[in-house]
There are 2 protein chains.
Amino acid sequence: MLIILKLGGSILSDKNTPFSVKWDNLERFGEEIRNAMEYYKEKNEKLNLIIVHGGGSFGHPVAKKYLRDGKFCNMQKGFWEIQKAMRRFNNLVIDTLHFYDIPAVSIQPSSFVVFKKDSLIFDLSAIKELLKRDLVPVVHGDIVVDDDDNYKILSGDHILPYLTKKLNVDLSLHASDVDGVLDENGNVIEKIDKSNIDDVLKMLKDSKGIDVTGGMYLKVMEAYKMGVKTIIFNGNKRGNIYNALIGNVMGTVIIGD
Amino acid sequence: MLIILKLGGSILSDKNTPFSVKWDNLERFGEEIRNAMEYYKEKNEKLNLIIVHGGGSFGHPVAKKYLRDGKFCNMQKGFWEIQKAMRRFNNLVIDTLHFYDIPAVSIQPSSFVVFKKDSLIFDLSAIKELLKRDLVPVVHGDIVVDDDDNYKILSGDHILPYLTKKLNVDLSLHASDVDGVLDENGNVIEKIDKSNIDDVLKMLKDSKGIDVTGGMYLKVMEAYKMGVKTIIFNGNKRGNIYNALIGNVMGTVIIGD
């Protein structure tokens, strides 16, 4: 069983406060992931895990300093400053996971990933070998070069679908700061599949066709297209990460086509 | 002009003192590299630079903790501990280079490199794009997975010939702690080419065919095979890094075949 778990930037840090960490959440995530590993071990089932985290309050404020009208400038300094900020954040995440005996290792995308127009150059050779050894690759959002003479932020929302597709992931988990995909009345839509996908996507855009849900439209569409079981759930609630990892969480389940 | 410069572990740190840094050398390297960049700029010549550094006193003592009879053990903890130690070292090196306005960026091999029996999987896409933008990739020694269910140390001596070959490097510089390749009387051999390569290689092994020069045999052989102009020189001496970068240093020049 290969599970990919995305820890959204907003549940790991306060985006309004640069370099802040939600330590209570981070510690809890470590504990719950450890408990889920024990659950699989007791059942004699193999669990392979990949963790993805975004830039949170570390990557965003530093990246912003170097953005002018959507283009990165002064990257002779900026590339390293963004790399270093993300290393700090990633170090804190991985050290905490190790405190709970999770064999986490770091994958720093800026070292080798290139953003192309409709795809990524992202060699997975090392990640595959690390998974064979039961290590837990922790891939973080990062600054990367593109093929158009500039730079791009590679976010968790880029990394998740790429890895899910390429690595034959069995279950894709998005721990976010909402309870799932909400309908017009604010209730969680429990299941999205071919019977309601069109209605849901329509609902997630307003009358002008603009995504009014902070990226939820794209998340749902990407998840549906992947054809891999995906659960969007609230990572701020105690027990949810554990329950998600054992396949039993309240949220929105997306069954792709 | 693309130059690759290897800063040997022994000139950056004291190998006998874990986590030590030779700050005087490191600061001087920053200053001399900056001066060499100015030299090329004034001549209106383009200089692209890649820097490689080994594990020094950061990587080695931590890696040693996890080695038993030449095999790595307990790498559920060890992989990250070695990664983290190398990140600390690499952060110090890159921060110092930035103090001298050298646009250094980090390449962390453990994220994507795989050691194979006779070769490496080492995707250079991002490094090539970084060079196009006149950034200076700093590649460090690191722990990497191999294709044989274990792990290996990827050292500067692996990275240098690989990058030199694959990136069409014009000049390959080894800053070490000796004045060059020494003959039987302790004098520097100024030039090694096809006229004396066999004699030099013979001299570098003792009567039993064992390399008695701390890896110099392998360095000379690798450099000669590559067919790229290589200079082995003493990085501890003031001015040598600058002079090497402008192609004018005292040491051993190897002209390959």
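Residues numbered from 1 in each chain as written. Chains lettered and ligands numbered in written order. Predicted model: local features only at pLDDT ≥ 70, side-chain atom pairs only at ≥ 80, totals over all residues. Heavy atoms only, no water.

## Considering helix α4 (residues 75-99) of chain A
Quick note on the threshold: Secondary structure elements follow DSSP: runs of H or I of four or more residues count as helices, runs of E of two or more count as strands, with numbering from the N terminus. One less than the residue count of a helix, multiplied by 1.5 Å, gives the span that helix is expected to have.
The end-to-end C-alpha distance of α4(A) is 35 Å, a good match for the 36 Å that 25 residues give at a rise of 1.5 Å each. Positive phi appears at Asp101(A), one or two residues downstream of α4(A), with a value of about 55°.

## Regarding the interface of chain B and chain A
Put simply, the rule is: We call two residues contacting when some pair of their heavy atoms lies within 4.5 Å. Take the accessible area each of two parts loses on contact, using a 1.4 Å probe, and add the two losses: that sum is the buried area. Here a salt bridge means any side-chain nitrogen of Lys or Arg lying within 4 Å of a carboxyl oxygen belonging to Asp or Glu. For this analysis, a polar contact is any N or O atom pair within 3.5 Å, provided that within protein one partner can donate a hydrogen and the other can accept it, and provided that sequence-adjacent residues contribute only side-chain to side-chain pairs. Amino acids outside the nonpolar list (Ala, Val, Leu, Ile, Met, Phe, Trp, Tyr, Cys, Pro) and the charged list (Asp, Glu, Lys, Arg) are all regarded as polar, and Gly is one of them.
Counting residues at the interface gives 41 residues for chain B, matched by 41 residues for chain A. Contact between chain B and chain A buries roughly 3400 Å² in total, counting both sides, with carbon and sulfur atoms accounting for 53%. In terms of surface lost to chain A, no three residues of chain B exceed Trp80(B), Arg87(B) and Arg133(B), which account for 20% of the buried area on that side. Connecting chain B to chain A are four salt bridges. Across the chain B-chain A interface, the total number found is 18 residue pairs in polar contact (both at pLDDT 80 or more). Secondary structure elements with two or more residues in the side of chain B that touches chain A: α4 (75-99), β5 (104-107), α5 (125-132) and β9 (142-146) of chain B. The element best represented in the side of chain B that touches chain A is α4(B), accounting for 13 residues. In terms of residue class, the side of chain B that touches chain A is made up of 17 nonpolar, twelve polar and twelve charged.

## Let's talk about the pattern of salt bridges
Cut-off, in case you're wondering: Categorising residues by exposure relies on relative accessible area from a 1.4 Å probe, with only protein chains included: less than 20% of the type maximum marks a residue as buried, more than 50% marks it as exposed, and the intermediate range marks it as partly exposed.
Tallying each qualifying case throughout the model produces 26 salt bridges over all chains. Among the ionic pairs, Lys65(B) bridges to Glu81(B), the shortest N-O distance being 2.7 Å. Residue Lys65(B) is found in helix α3 (residues 56-65), and its partner Glu81(B) is found in helix α4; the two are separated by 16 residues along the sequence. Classification of Lys65(B) as partly exposed rests on a relative accessible area of 47%. The structure contains a network of salt bridges with shared partners spanning Glu129(A), Lys132(A), Arg133(A), Asp146(B) and Lys152(B).

## A short note on the sheet that holds strand β7 (residues 120-121) of chain B
The criterion, for reference: A strand pair is defined by DSSP finding two or more bridges across the two strands. Interaxial angles span 0 to 180 degrees and are taken between N-to-C directions of axes, which are lines fitted to C-alpha atoms, for helices over the stretch in contact.
If you trace the four strands from one edge of the open sheet to the other, you get β7-β6-β9-β10 (chain B), paired in mixed fashion. This sheet does not close on itself; its edge strands, each paired only once, are β7 and β10 (151-154) of chain B. In the sheet, strand β6 (residues 114-115) of chain B pairs with β7(B) via two bridges, with the strands oriented antiparallel. Within β7(B), the position partnered with Phe115(B) by the bridge is Leu120(B). Sheet strands in contact with helix α5 (residues 125-132) of chain A are β6, β7 and β9 of chain B, and its direction is about 75° off that of β9(B).

## Things to note about the UniProt feature "binding site: ATP" (unreviewed entry) in chain A
All names here are of chain A. This is how it is decided: UniProt positions are given in the numbering used here, feature names are shortened, and annotations may be inferred rather than shown by experiment.
Per the UniProt record, the feature "binding site: ATP" (unreviewed entry) sits at Lys6, Leu7, Gly8, Gly9, Ser10, Gly56, Asp177, Gly215 and Lys219. For leucine 7, the position within the fold is in strand β1 (residues 2-7). Judged by its relative accessible area of 2%, leucine 7 is buried. Apart from the residues lying within four places of it in its own chain, the contact partners of leucine 7 are Leu12, Phe29, Ile51, Val52, His53, Gly54, Ala175 and Ile241. Tracing the backbone through its elements, the reader meets glycine 8 in the loop between β1 and α1 (9-12).

## Considerations on the packing of aromatic side chains
For clarity, the threshold we go by: Stacked, tilted and edge-to-face are the three classes assigned to paired rings of Phe, Tyr and Trp, where Trp is represented by its six-membered ring and a pair needs centres within 6.5 Å; plane angles under 30 degrees give stacked, over 60 edge-to-face, the rest tilted. Both a distance and an angle decide whether a charge sits over a ring: NZ of Lys or CZ of Arg must be within 6 Å of the ring centre and within 35 degrees of the ring normal.
Evaluated as defined, the whole model comprises 17 aromatic pairs over all chains. A centroid spacing of 5.4 Å and a plane angle of 85° characterise the contact between Tyr39(A) and Tyr40(A), whose relative ring orientation is edge-to-face. By relative accessible area, which is 26% here, Tyr39(A) ends up partly exposed. When the ring of Tyr39(B) is compared with that of Tyr242(B), the centres are 6.4 Å apart and the planes differ by 85°; the resulting orientation is edge-to-face. Taken together, the positions of Tyr39(B) in helix α2 (residues 23-42) and Tyr242(B) in helix α9 (residues 240-245) put the pair 203 residues apart, joining distant regions of the chain. Joined through ring pairs, the aromatic side chains of Phe112(A), Phe122(A), Tyr162(A), Phe112(B), Phe122(B) and Tyr162(B) make up one cluster. Of note, Arg133(B) hangs over the ring of Tyr151(A), and the distance from its end group to the ring centre comes to 5.2 Å. Against the face of Phe115(B) rests Lys152(B), its NZ or CZ located 5.5 Å from the ring centre.

## Thoughts on the relation of the copies chain B and chain A
Our working definition: Fitting of the copies onto one another was done by least squares over C-alpha atoms, counting residues only where both copies have pLDDT of at least 70.
Superposing chain B onto chain A takes a rotation of 180° combined with a translation of 0.0 Å along the rotation axis, leaving an RMSD of 0.0 Å. The transformation relating the two chain copies, once decomposed into turn and shift, fits a two-fold axis. The share of interface residues of chain B whose copies in chain A are also at the interface is 100%, consistent with both copies meeting through the same surface.

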